[in-house]
Amino acid sequence: MPRKVRAAAVQLSPVLFSREGTTSKVCDKIAEAAAQGAELVVFPETVVPYYPYFSFIKAPALIGAEHLLLMEEAVVVPGPSTEAISQAARRAGAVVSIGVNERDHGTLYNTQLLFDADGRLVQARRKITPTYHERMIWGQGDGSGLRAVDTRVGRVGSLACWEHYNPLARYALMADHEEIHVAAFPGSLVGDIFREQIEVTIRHHALESGCFVVNATGFLTEEQVALVAGDTKLERALRGGCFTAIVSPEGTLLAPPLTEGEGMVIADLDLALLAKRKRMMDSVGHYSRPELLSVLIDRRSQPHLHDKKTALNAIGTSHEPLPAAPDSHHEDDSTPPAYS
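Scope of this entry: the structure provided in the associated data block.

The rules behind each value
Residues numbered from 1 in each chain as written. Predicted model: local features only at pLDDT ≥ 70, side-chain atom pairs only at ≥ 80, totals over all residues. Heavy atoms only, no water. Buried < 20%, exposed > 50% of the residue type's maximum accessible area, 1.4 Å probe, protein only. Helix = DSSP H or I, 4+ residues; strand = E, 2+ residues; numbered from the N terminus. Arc of directions from axis to C-beta. Contact = heavy atoms within 4.5 Å. Pairing = 2+ DSSP bridges. Right-handed = clockwise from strand over helix to strand, strands pointing away. Axes fitted to C-alpha atoms, helices over the stretch in contact; angles between N-to-C directions. Parallel < 35°, antiparallel > 145°, perpendicular 65-115°, else oblique. Nonpolar A, V, L, I, M, F, W, Y, C, P; charged D, E, K, R; others polar. Phe/Tyr/Trp six-rings, centres within 6.5 Å; stacked < 30°, edge-to-face > 60°. Lys NZ or Arg CZ within 6 Å of the ring centre and 35° of its normal. Expected span 1.5 Å × (residues − 1). Polar contact = N/O pair within 3.5 Å; in protein donor to acceptor, adjacent residues only side chain to side chain. Salt bridge = Lys/Arg side-chain N within 4 Å of Asp/Glu carboxyl O. Core = buried A, V, L, I, M, F, W, Y, C linked by side-chain atoms within 4.5 Å.

### Remarks on helix 8 (residues 272–280)
Moving on, step 1. Buried within helix 8 are the following residues: L273, L274, R277 and K278. All buried residues of helix 8 project into a common sector of 125° when viewed along the axis, lining one side. Facing away from the buried surface of helix 8 by more than 90 degrees, the exposed residues are A275, R279 and M280.
Moving on, step 2. Those residues of helix 8 hidden inside the fold are in contact with helix 6 (192–209), strand 9 (212–217) and strand 11 (263–270).

Structure follows, in structure tokens:
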């Protein structure tokens, strides 16, 4: 495994109302980052086709048409958008993390996709609990995505936005020994206080996990702000909140952060810093007290349809406990699932 990795965090404006347009823009940015030597390219939360900003500033009774349009433009996994990004990752030889609105029949999910450098989709994880207004838009994910995944650049864990305020979700990735943490936020939301909160959040996670954090936020132009706001007069709620940055395991910003406009933050990750940090403070090793404090996690996917005979064989009688979630260190659980 390489001891140094060049990472690019991309602050991107979506092509509003267009899955195809935003996907094309993403693929161009992957190539642009790779031309600058990036081996890991990270994009914002649900940037394809766009974050549902409308749900933050409009009443539920007024968002039906916009919600339906988002469903129409959302990403099916696998589908044309995932294939295009897969090909772009393969051409660039780069690991790519990107947030999408995923449509699964009649429900949308906030999904983070992780493509390895050969173009394989190695993880598609759904945000476990949408935040506040987002609950009108997205369904809930499950624990199957709360794991780190081995890639060409190292072991990568992912969380979206305020999932970082769930300490047990973060600890699940820490205990799975993530080396690079991918964070994604919407950007252009709430104002400067959100920017400040993002910085505190990602720097703290880097320190606590002893890993690198590569964070990308989205950005709306003034024209897009006016278009989304419409006649609500809430344009100010759609500005600020951008903090695209890369953080070392020591909590240091490895390059100047991007807080306005489109662009990239690029930095080299020296993976030797992982051991340097954890030698002093390993939250899931010598600095932990598992006999006092530990996390119970169910990493099984939660299908809606079960074959009765199979389910009974798997679960047993109602008086028996459910089978334990697999330990991330078992041999049969060491390889992440590959998605076609």
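### A word on the pairing of strand 9
Moving on, step 1. Burial of strand 9 is extensive: 6 of the 6 residues sit out of reach of the surface.
Moving on, step 2. With burial as the criterion, each face of strand 9 is covered, one bearing F212, V214 and A216 and the other bearing V213, N215 and T217.
Moving on, step 3. Strand direction decides the pairing type here: strand 8 (residues 180–185) and strand 9, joined by 6 bridges, are parallel. Within strand 9, the position partnered with F185 by the bridge is T217.
Moving on, step 4. Between strand 8 and its parallel partner strand 9, the chain crosses via helix 6, and the hand of that crossover is right-handed.
Moving on, step 5. In terms of strand pairing, strand 9 meets strand 10 (residues 245–247) through 3 bridges, oriented antiparallel. Paired with V214 across the bridge in strand 10 is I246.

### Digging into the sheet that holds strand 1 (residues 4–11)
Moving on, step 1. The strand order 5-4-3-2-1-11 describes an open sheet built from 6 strands, whose pairing is mixed. A strand with exactly one partner marks an edge of an open sheet, and here the two such strands are strand 5 (121–126) and strand 11. Pairs of neighbouring strands in the sheet enclose a mean axial angle of 25°, with direction left out of account.
Moving on, step 2. One ladder, built from 3 bridges, connects strand 2 (residues 40–42) with strand 3 (residues 95–104); its direction is parallel.

### Here's the deal with the packing of helix 1 (residues 19–35) against helix 4 (residues 80–92)
Moving on, step 1. Where helix 1 contacts helix 4, the axes come no closer than 9 Å and their chain directions differ by 10°. Between helix 1 and helix 4, the angle falls in the class roughly parallel. Touching R19, T23, V26, C27, I30 and A34 of helix 1 are S81, A84, I85, A88, A89 and A92, all from helix 4.
Moving on, step 2. Along the lines of polarity and charge, the residues of the contact of helix 1 with helix 4 split into 9 nonpolar, 2 polar and 1 charged.

### Structural notes on the packing of aromatic side chains
Moving on, step 1. A full pass over the atoms with the stated rule returns 5 aromatic pairs.
Moving on, step 2. Here the aromatic cluster, defined as three or more aromatic residues joined through ring pairs, consists of Y51, Y53 and W138.
Moving on, step 3. In this structure, R126 packs its charged tip against the face of Y109, placed 3.8 Å from the ring centre.

### Concerning helix 1
Moving on, step 1. For helix 1, which comprises 17 residues, the first-to-last C-alpha distance of 25 Å matches the rise-based estimate of 24 Å (1.5 Å per residue) to within 8%.
Moving on, step 2. Listed in full, the buried residues belonging to helix 1 are T22, T23, V26, C27, I30 and A33. Down the axis of helix 1, the buried set is contained in an arc of 140°. They therefore lie on one face. Facing away from the buried side of helix 1 by over 90 degrees, the exposed positions are E20, D28 and A35.
Moving on, step 3. Residues of helix 1 that are buried sit in contact with strand 1, strand 2, helix 4, strand 3 and strand 11.
Moving on, step 4. For helix 1, the N-terminal cap is S18; the gap from its side-chain oxygen to the backbone nitrogen of G21 is 2.8 Å.
Moving on, step 5. Looking at the residues trailing helix 1, positive phi occurs at G37, about 90°.

### With respect to the pattern of salt bridges
Moving on, step 1. One pass over the structure, following the stated rule, counts 22 salt bridges.
Moving on, step 2. Here R6 and D268 are joined by a salt bridge, their closest N and O atoms 2.7 Å apart. In this pair, R6 sits in strand 1 while D268 sits in strand 11, placing the two residues 262 residues apart along the sequence.
Moving on, step 3. A residue is classified by how much of its surface remains accessible, and R6, at 29% relative accessible area, is partly exposed.
Moving on, step 4. The exposure class assigned to D268 is partly exposed, which follows from its relative accessible area of 43%.
Moving on, step 5. Residue E196 pairs with R195 through a salt bridge whose shortest N-O separation is 3.8 Å.
Moving on, step 6. Exposure remark for E196: the relative accessible area of 42% places this residue in the partly exposed category.
Moving on, step 7. Within this structure, D150, R155, D176 and R299 form a network of salt bridges that share partners.

### Some remarks on the environment of K278
Moving on, step 1. Here K278 shows up in helix 8.
Moving on, step 2. It is 21 Å that separates the C-alpha atoms of K278 and L146, two residues lying 132 residues apart in sequence.

### Overview of the nonpolar core
Moving on, step 1. Membership of the largest hydrophobic core comes to 58 residues, with the highest contact counts inside it found for L40, I202, V214, L238, I246 and L269.
Moving on, step 2. In this view, L40 contacts V5, R6, A7, A8, V95, V153, I180 and V214; residues no more than four positions away in its chain are not counted.
Moving on, step 3. Counting residues in each nonpolar core, the second largest holds 23 residues, with C27, V41, V96 and L113 among its members.

### Brief notes about the side chain of R125
Moving on, step 1. Relative to the helices and strands, R125 resides in strand 5.
Moving on, step 2. The class for R125 is buried, based on a relative accessible area of 2%.
Moving on, step 3. Of the polar contacts made by the side chain of R125, one reaches the backbone oxygen of G145; its length is 3.3 Å.
Moving on, step 4. Of the polar contacts made by the side chain of R125, one reaches the side chain of E163; its length is 2.8 Å.
Moving on, step 5. Residues contacting R125, with those up to four places away along its chain left out, are N110, T111, Q112, G145, L146, S158, L159, A160 and E163.

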